[in-house]
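Examination of the molecular architecture
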Amino acid sequence: MSKYTKEDILRMVKEENVRFIRLQFTDLLGVIKNVEIPIGQLEKALENKMMFDGSSIEGFVRIEESDMNLYPDLDTFMIFPWTSEKGKVARLICDIYMPDGNPFDGDPRGILKRVLKEMEELGFSDFNIGPEPEFFLFKNDEKGEPTLELNDKGGYFDLAPTDLGENCRRDIVLELEDMGFEIEASHHEVAPGQHEIDFKYADAVSTCDNIQTFKLAVKTIARKHGLHATFMAKPLFGVNGSGMHANMSLFKDGENVFYDEKSETGLSETAMHFLAGILKHAQDFTAITNPTVNSYKRLVPGYEAPCYVAWSMQNRSPLIRIPASRGISTRIEVRSVDPTANPYLAMAVLLAAGLDGIKNKLNAPKPIDRNIYVMDKEEREAEGIKDLPATLKEALTLFAKNEVLTKALGAHATEHFVEAKEIEWDMFRTQVHPWEREQYMSMY
């Protein structure tokens, strides 16, 4: 059932003195794009008649095929609580269509919807995800540019006075609640300046919409506190990086199909096949779930980020953990994802990997309940534990060869994503970094 009709939106806009509407969508690299329209254009937008130039968007199309239509999803209507007194700004998240009325193949939100259709054909009704995005708060300088100075010296679950980000984090939570988010937890993370806010699970598309809205809210409110919020995976050497653990479950008619009260672990056969699919494709989906050069600075031993392909019920060193809750809360937590990922693409490849496990009735290896970080290479090999890719380049090579995952993204998105990321890798590879000068200038 839809939450809102066109009439509802036109009424709310009037009642709340909304002056501008942002028509939002996400490009291939996960960056939010806006087409902002005055309120007089809203009816036209609600009839799916707003066009924009797709050739100016990363990973979309070439100049000669550039016109595209924005189809607003009415259920995503939201008024930003932080906008000015002179008239508020609201937003609608849009799907992208070609002028001929067909969905655009390279629209990340549309790609996720395609994989969800495949899930429905297998008899499941919902793919629910609870995300745990982490971020750092840095101080801005007098010009409003981010510095590398953190605003606190706090640690995991610390409270003020060490956690000076607490007021900012509290404001973020209050604003998110005003926007309809159900916040489950908000706390300081392990590293100084690092924070985590968890919100209630929802279906896959809503969750990805929420992640994008969340990032926007966090950055906007941090700026009001003179701070810069970054979702970069590893902004500082020597401390933990930021992850975005994804807690996933499949539902059928309101029932969690990952739960089986009769099994010893409480996990159903479906859950075990899904888990096996995730493990099988883990090395290959890493390019999508960890899509920046910097992502691989986080996936190293010693900072609580997973870098080994394994699973466990209680151990936090593997890629996949099964949290203790059972019943409706039974879930599989994939811990490698980081918040630089395009959420729509990341959840699409995770779902495609899990569904491949279900379709082919794959068997999961035995859980690893020891700390993998203290095992040497021989011990890991004996247990069949593989490493995640060590660089973006390695990850891209693996992804491009994986038929299940490239089919899930489709030819257009696969080609444009890989091309954009190979350019990124080459720019990094050919750059001379300060570390190299420190190491080699005097020595040689």
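Quick notes on the rules
- Residues numbered from 1 in each chain as written.
- Predicted model: local features only at pLDDT ≥ 70, side-chain atom pairs only at ≥ 80, totals over all residues.
- Heavy atoms only, no water.
- UniProt positions renumbered as here; feature names shortened; annotations may be inferred.
- 1 Å grid on protein atoms, 1.4 Å probe; cavity = no way out; pocket = protein on both sides within 12 Å on 5 of 7 lines; lining within 4 Å.
- Helix = DSSP H or I, 4+ residues; strand = E, 2+ residues; numbered from the N terminus.
- Buried < 20%, exposed > 50% of the residue type's maximum accessible area, 1.4 Å probe, protein only.
- Contact = heavy atoms within 4.5 Å.
- Salt bridge = Lys/Arg side-chain N within 4 Å of Asp/Glu carboxyl O.

In this structure's numbering, the residues bearing the UniProt feature "binding site: ATP" (unreviewed entry) are Glu184, Phe199, Lys200, Tyr201 and Arg316. From the list above, the largest pocket is lined by Phe199, Lys200 and Tyr201. By secondary structure assignment, the location of Glu184 is in strand E9 (residues 183–188). Residue classification places Glu184 among the exposed positions, given a relative accessible area of 54%. Sequence-distant contacts of Glu184, that is, excluding residues within four places in its chain, are made with Asp198, Phe199 and Lys200. Within the secondary structure layout, Tyr201 lies in the loop between strand E10 (194–199) and strand E11 (202–203). Contacts of Tyr201, omitting those with residues within four sequence positions, involve Asn128, Ile129, Gly130, Phe251 and Ile328.

It is worth spelling out the pattern of salt bridges at this point. Applying the stated criterion across every chain, the model contains 19 salt bridges. Where Arg22 meets Glu36, a salt bridge forms, and the shortest distance between an N and an O atom there is 3.0 Å. Pair noted here: Arg22 is in strand E1 (residues 18–26) and Glu36 is in strand E2 (residues 32–38), with a separation of 14 residues, a long-range link. Looking at Arg22, the relative accessible area reads 21%, which means it is partly exposed. Residue classification places Glu36 among the partly exposed residues on the basis of a relative accessible area of 42%. The closest approach of N and O atoms between Asp95 and Lys113, which form a salt bridge, is 2.7 Å. One end of the pair, Asp95, is in strand E6 (residues 88–97); the other, Lys113, is in helix H3 (residues 108–121), and 18 residues separate them in sequence. Each of the salt bridges in this network shares a partner with another, and the network as a whole consists of Asp73, Asp95, Arg109, Lys113 and Asp209.

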